[in-house]
Amino acid sequence: MFVDEYELVDRIAVALIQRRERMGTAESCTGGLIAAACTSLSGSSQWFERGVVSYSDQAKTEFLGVPKALIALHGSVSAEVAEHMARGLLAHAPIDWALSVTGIAGPTGGTANKPVGTVWLALVHSGRPAKVWRENFSGDRHAVRAQTVRAGLNALCEALEDRDS
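Since this is a predicted model, take the numbers as computed values, not measurements.

Caption draft 1: Local environment of the nonpolar core. Counting residues in hydrophobic clusters, the biggest one holds 32 residues, and the most contacted among them are I12, M23, W47, W97 and L153. Within the residue set of this core, elements represented by two or more residues are helix 1 (5–19), helix 2 (33–39), strand 3 (97–103), strand 4 (118–125) and helix 6 (141–162). With nine residues, the top contributor of residues to this core is helix 6. Not counting residues up to four positions away in its chain, the partners in contact with I12 are M23, W47, L153, L156, C157 and L160. Listed in part, the 21 residues of the second largest apolar core include A79, M85, A86 and A98.

Caption draft 2: The arrangement of the layout of surface pockets in detail. Counted as a void, the largest pocket has a volume near 190 Å³. In this structure, the largest pocket is lined by 14 residues; those nearest its centre are S28, C29, Y55, G103 and I104. For the lining of the largest pocket, the elements supplying multiple residues, two or more each, are helix 3 (57–64) and strand 3. Its residues placed into classes, the lining of the largest pocket shows five nonpolar, six polar and three charged.

Caption draft 3: Focus on the state of the cysteines. In the structure shown here, the tally under the stated rule is zero disulfides. C157 provides the cysteine sulfur closest to C38, a residue in no disulfide bond, and the two sulfurs are 11 Å apart.

Caption draft 4: Region of interest: the sheet that holds strand 2 (residues 48–53). Here we have five strands laid out as an open sheet, ordered 2-1-3-4-5, and mixed in their pairing. The sheet is open, and its two borders are formed by strand 2 and strand 5 (131–136), each paired with just one other strand. Put simply, the sheet's adjacent strands are angled 15 degrees from each other on average, direction ignored. Looking at chain direction, strand 1 (residues 23–27) and strand 2 are connected through five bridges and run parallel. Within strand 2, the residue paired with E27 across the bridge is V53.

The rules behind each value
- Residues numbered from 1 in each chain as written.
- Predicted model: local features only at pLDDT ≥ 70, side-chain atom pairs only at ≥ 80, totals over all residues.
- Heavy atoms only, no water.
- Core = buried A, V, L, I, M, F, W, Y, C linked by side-chain atoms within 4.5 Å.
- Buried < 20%, exposed > 50% of the residue type's maximum accessible area, 1.4 Å probe, protein only.
- Helix = DSSP H or I, 4+ residues; strand = E, 2+ residues; numbered from the N terminus.
- Contact = heavy atoms within 4.5 Å.
- 1 Å grid on protein atoms, 1.4 Å probe; cavity = no way out; pocket = protein on both sides within 12 Å on 5 of 7 lines; lining within 4 Å.
- Points joined across faces, edges and corners; volume = space filled by probe spheres on them.
- Nonpolar A, V, L, I, M, F, W, Y, C, P; charged D, E, K, R; others polar.
- Disulfide = S-S within 2.5 Å.
- Pairing = 2+ DSSP bridges.
- Axes fitted to C-alpha atoms, helices over the stretch in contact; angles between N-to-C directions.

As structure tokens, then:
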């Protein structure tokens, strides 16, 4: 069954409010679309703290503490950078959950190893192991970004609902 982003945001809001927890996003390829989806819900200030758009490597380093050497070694679209983005946000913001995304939305920028549609996401909660995963989305730039938003929100929703049991 397809769940749209608005239903996911509603479910995330309920879960975070019940736990008295807050979240934030560190976004590259989505340019703030996850934060926009979250804040489209009235009352989101109760559970959504901030979103950082770190589109450039310099922003990832300055605002999220991602080491330049890590970006040089793995590239800005990598598991390591996605995890550091989320951990950096968690370390510098009054939040419980950090969701980060970095990827190649296209139509340019892809390589043989990292084609257009390659996206790394990370979900970090203090005191829990990080969840870091790769997605390979298809479609044009808009489709890749939309799929990334849904994948990130879905992972957060699942993690919050798993904590219920």
